Amino acid sequence: CETCSKEEAKYRCPRCMKYSCSLLCVKKHKLALSCNGVRDKTAFVSVNEFTDLNLLSDYRFLEDVGRTADAAARHCIVHSPATKRLLYCLRNKARGCNIELKTLPVGFTKRRENSTTFNSMENKFYWHLKLIFPHCHAEYTLKGVPDDKTLADILKPYIDPVESDPVVCQRLKIYTASPQSDVRILMKIENRNRNSVRYNELDASRSLLDNLKGKVIIEYPTLFVVLKTLKNDMVILGQDGSEPAENSDSESSSLSSVEEGEIRDSS
């Protein structure tokens, strides 16, 4: 058992392939690794390991994708004038702030989750925001985050040793124990090839709106909080030595890679 290291393993998690000996250890490993125990239908399988079962799984996966896409196309909300006006307003207001906001069709996971609104009276966005802490395998979803709030203030309830929630602080103790100067906030650059994933580093002292200007956002921002002292595989644009920093305004507007990933997720 990879959880307690005492008993003989009887089960293997379909998601992360960890061995467990009992229901208690299964629950512990899910909690520790934020694992849902559901097999990843899109996981890479090499040609040498590809079997008839993998082929059947892929066939069923494509059938599920087809059913999901068909159901989304038939959904009454897709043809609702009110929905179209709301999305047009959000994209238009974002464009006025120099943010390229892109929305996905109904049925996609991020479209269903997104709760971003724009308050015309205050002339302010209230963003749906996702925070991911890779070193602790933790993620949190925030709703109604005002665009004039600084990133440092957004992160205080999570990584500040004094102001953070005790439960959250315990889970993110790697971050709370590190100096604030070691914390880096990254956001993935959209519309790049999968073999060329890059991230922009954001300024924690500036507002959310200022950090999003000149960026492409798919539905809502997703921020990755990492530590300089710990190794991670995230390459920051302009700091890998292979290419210079780019202006985000020049990024392509193609959504093919994003839509493909969202179709798999929504199935």
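Residues numbered from 1 in each chain as written. Predicted model: local features only at pLDDT ≥ 70, side-chain atom pairs only at ≥ 80, totals over all residues. Heavy atoms only, no water.

### With respect to the packing of aromatic side chains
Two descriptors summarise a pair of aromatic rings, namely the distance from one centre to the other and the angle between the planes of the rings. Taken as a whole, this structure holds seven aromatic pairs when the rule is applied. Here F118 and F125 contribute two aromatic rings whose centre-to-centre distance is 4.8 Å and whose plane-to-plane angle is 65°, an arrangement assigned as edge-to-face. F125 matches F118 in its accessibility class, with the two residues each being buried. Taken together, F133, Y140, Y158 and Y175 form an aromatic cluster joined through their ring pairs. The lysine or arginine in question, K110, covers the ring of Y220, its NZ or CZ lying 4.9 Å from the ring centre. (Phe/Tyr/Trp six-rings, centres within 6.5 Å; stacked < 30°, edge-to-face > 60°. Buried < 20%, exposed > 50% of the residue type's maximum accessible area, 1.4 Å probe, protein only. Lys NZ or Arg CZ within 6 Å of the ring centre and 35° of its normal.)

### Concerning the pairing of strand 5 (residues 124-133)
In terms of residue burial, strand 5 counts as a mostly covered element, since nine of its ten residues are buried. Hairpin connection from strand 4 (residues 117-119) to strand 5: four residues lie between these consecutive antiparallel strands, with N123 at a positive phi of about 55°. Where strand 5 and strand 6 (residues 138-146) come together, seven bridges link them in antiparallel fashion. From the neighbouring strand, W127 faces strand 6, where its bridge partner is V145. From the end of strand 5 to the start of strand 6, which pair antiparallel, there are four residues, and H137 there has a positive phi angle of about 55°. Bridging between strand 5 and strand 10 (residues 222-227) involves three bridges; their strand directions are parallel. Its bridge partner lying in strand 10, L131 is registered against L223. (Helix = DSSP H or I, 4+ residues; strand = E, 2+ residues; numbered from the N terminus. Pairing = 2+ DSSP bridges.)

### Description of helix 1 (residues 23-33)
Among all positions in helix 1, only C25, V26 and H29 are buried. Angular distribution of buried residues about the axis of helix 1 spans 105°; they occupy a single face of the element. Relative to its buried face, helix 1 has exposed residues pointing more than 90 degrees away, namely L23, L24, K27 and L31. Elements in contact with the buried residues of helix 1: strand 2 (19-20). (Arc of directions from axis to C-beta. Contact = heavy atoms within 4.5 Å.)

### Digging into the UniProt feature "domain: HIT-type" (unreviewed entry) in the protein chain
Sites flagged by UniProt as "domain: HIT-type" (unreviewed entry) map to residues 1-35. Taken end to end, residues 1-35 comprises 31% helix and 11% strand; its first and last C-alpha atoms sit 16 Å apart. (UniProt positions renumbered as here; feature names shortened; annotations may be inferred.)

### Notes on the environment of R171
With respect to the secondary-structure elements, R171 resides in helix 6 (residues 166-171). Distance in space between the C-alpha atoms of R171 and I159 is 9.8 Å, their sequence separation being twelve residues. The residues touching R171, leaving out its near neighbours within four places in the chain, are L31, S34, C136, H137, A138 and Y140. In terms of polar contacts, R171 uses its side chain to reach the side chain of S34, at 2.4 Å. (Polar contact = N/O pair within 3.5 Å; in protein donor to acceptor, adjacent residues only side chain to side chain.)

### Remarks on a nonpolar patch on the surface
Taken together, V45, F50 and L55 make up a surface patch of nonpolar side chains, about 250 Å² in accessible area. By the secondary structure assignment, V45 is in the loop between helix 1 and helix 2 (52-74). (Patch = residues over 30% accessible without salt bridge, like charges linked within 9 Å, V, L, I, M, F, W, Y side chains within 5 Å. Areas by Shrake-Rupley, 256 points an atom, 1.4 Å probe, with all protein chains shown as cover. Salt bridge = Lys/Arg side-chain N within 4 Å of Asp/Glu carboxyl O.)

### So, the nonpolar core
Core analysis: the largest hydrophobic core is formed by 34 residues, its most contacted members being L131, F133, Y158 and L172. At the level of elements, helix 3 (81-96), strand 5, strand 6, helix 5 (151-159), strand 7 (183-188), helix 8 (208-212) and strand 10 are the ones that each hand at least two residues to this core. Beyond its immediate chain neighbours, meaning those up to four positions away, Y158 contacts L131, F133, Y140, L142, S164, V168, L172 and T176. Counting six residues, the second largest nonpolar core, distinct from the first, contains I132, L186, Y199 and V226. (Core = buried A, V, L, I, M, F, W, Y, C linked by side-chain atoms within 4.5 Å.)

### Focus on the confidence of the model for the protein chain
Confidence in the prediction of the protein chain, expressed as mean pLDDT, is 80, and 84% of residues score 70 or more. Note that pLDDT drops below 50 for residues 245-267; the model gives that stretch 47 contacts with residues more than four away or on any other chain. (pLDDT = per-residue confidence, 0-100.)

### Some thoughts on the pattern of salt bridges
One pass over the full model with this rule turns up twelve salt bridges. The partner of E100 in a salt bridge is K102, with the nearest N and O atoms 2.8 Å apart. According to the relative accessible area criterion, K102 is buried, its value standing at 14%. What emerges from the salt-bridge pattern is a single network uniting K41, D64 and R67.

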